[in-house]
Amino acid sequence: MTTLGVNIDHIANVRQARRTVEPDPVQFAFLAELGGADSITVHLREDRRHIQDRDVFLLKETIKTKLNLEMAATDEMLDIAKKLLPDYVTLVPEKREEVTTEGGLDVKNNVTYLKNFVGNLKDSNIEISAFIDPVGEQINYSKEIGFNFIELHTGKYSELTGQDQYKELQRIIESAHLANDLGIVVNAGHGLNYNNVKKIASINNMNELNIGHSIVARALAVGLEKSVREMKSLITSN
Ligand code: PXP
């Protein structure tokens, strides 16, 4: 059965907009678990624009499911991962100016560097995934480097419509089969929402979907009326 990893970066985005203490992603991880999240995903970006170091260490202590740390393959992040010991690390490409993770990690052109990096994490018993585009070559090189998992980038699938979306879905399905044949566990994510998730969730042997933005957006939609009602009640009661 496909499981759900909930990405809580956008909770931290709201907090960082004011550089204050609320909303606290640690508290929202607890709520996500109550709702059935199978793991909690956070991306500790080099520029710390949303998730902070304090968040990842508190999450590690408090969550009851699994912690998936998304990070760039840098020395700074390697040190943090080895101290934190999350259940998994997902390596993602990172550019400072991007709004969100744009393309997949280019494992094909970084084999030697990534082999060392992955070996180093495996020595600490951390399972390791690569966030890659659904392209055969990238999957073959992921195997060679030694990734236990891959996360297939569904960003393009989420943006396309009609026949183009169908073709991208086929690419994702073929990529998932290739990875399974090579013994790699397949996750997927990026841009998945309440309308487009089912076709990805029903791919054979799809292990876990990582979803953030649409879940946080939905939380606002289903929660705002209540929060306004509570504030109104405080203002109008004497
Ligand atoms: N997977 C990875 C590797 C990501 O970088 C992100 C975005 O942070 C997600 C999944 C979740 O994407 P979204 O917020 O669009 O659901």
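Located above this text is the structure these notes cover.
Definitions and cut-offs
Residues numbered from 1 in each chain as written. Predicted model: local features only at pLDDT ≥ 70, side-chain atom pairs only at ≥ 80, totals over all residues. Heavy atoms only, no water. Helix = DSSP H or I, 4+ residues; strand = E, 2+ residues; numbered from the N terminus. Salt bridge = Lys/Arg side-chain N within 4 Å of Asp/Glu carboxyl O. Buried < 20%, exposed > 50% of the residue type's maximum accessible area, 1.4 Å probe, protein only. Pairing = 2+ DSSP bridges. Axes fitted to C-alpha atoms, helices over the stretch in contact; angles between N-to-C directions. Contact = heavy atoms within 4.5 Å. Phe/Tyr/Trp six-rings, centres within 6.5 Å; stacked < 30°, edge-to-face > 60°. Polar contact = N/O pair within 3.5 Å; in protein donor to acceptor, adjacent residues only side chain to side chain. Parallel < 35°, antiparallel > 145°, perpendicular 65-115°, else oblique. Left-handed = near helix turned anticlockwise from the far one by under 90°. Nonpolar A, V, L, I, M, F, W, Y, C, P; charged D, E, K, R; others polar.

A.B. asks: Run through the environment of Glu46, naming residues and quoting values.
C.D. replies: Tracing the backbone shows Glu46 in the loop between β2 (39-43) and α3 (53-62). Put simply, Glu46 and Leu78 are 32 residues apart on the chain and 12 Å apart in space, counted from C-alpha to C-alpha.

A.B. asks: Could you give me a rundown of the pattern of salt bridges, with the residues and numbers involved?
C.D. replies: Under the definition given, this model contains eleven salt bridges. Glu137 is paired through a salt bridge with Lys108; the nearest N and O atoms lie 3.4 Å apart. Of this pair, Glu137 sits in helix α6 (residues 136-145) while Lys108 sits in the loop between β4 (88-91) and α5 (111-123), and the two are 29 residues apart along the sequence. The class of Glu137 is partly exposed, set by a relative accessible area of 42%.

A.B. asks: I'd like a rundown of the sheet that holds strand β7 (residues 185-189), residues and numbers included.
C.D. replies: Strand order in the closed barrel formed by eight strands is β1-β2-β3-β4-β5-β6-β7-β8, with parallel pairing between adjacent strands. Neighbour to neighbour, the strand axes of the sheet diverge by 25 degrees on average, direction disregarded. Pairing of β7 with strand β8 (residues 206-211), which is carried by four bridges, proceeds in the parallel orientation. Across the sheet, Asn187 pairs through a bridge with Glu208, a residue of β8. In this fold helix α8 (residues 162-181) packs onto β6 (149-153) and β7, with an angle of close to 175 degrees to the strand it touches most, β6.

A.B. asks: Please set out the packing of aromatic side chains residue by residue, giving values where relevant.
C.D. replies: Two aromatic rings, taken as a pair, are described by how far apart their centres are and by the angle between their planes. Following the criterion strictly, the structure yields two aromatic pairs and no others. Aromatic pair Tyr88 and Phe149: ring centres 5.3 Å apart, planes at 70 degrees, arrangement edge-to-face. You can see Tyr88 sitting in strand β4 and its partner Phe149 sitting in strand β6, a full 61 residues away along the chain. The same class applies to Tyr88 as to Phe149, namely buried.

A.B. asks: Report on the environment of Ser227, specifying residues and quantitative values.
C.D. replies: Tracing the chain through its elements places Ser227 in helix α10 (residues 213-236). Among the polar contacts listed, one links the side chain of Ser227 to the backbone oxygen of Leu224, at a separation of 2.9 Å.

A.B. asks: Could you give an account of the packing of helix α4 (residues 75-84) against α5, naming the residues involved and the relevant values?
C.D. replies: Remark: α4 packs on α5, axes separated minimally by 10 Å, with the N-to-C direction vectors making an angle of 20 degrees. The angle between α4 and α5 falls in the class roughly parallel. Considering only the axes of α4 and α5, their crossing is right-handed. Counting all contacts with α4, which are made through Asp75, Leu78, Ala81 and Lys82, the residues of α5 involved are Tyr113, Phe117, Asn120 and Leu121. A breakdown of the residues in the contact of α4 with α5 according to their chemical character gives five nonpolar, one polar and two charged.

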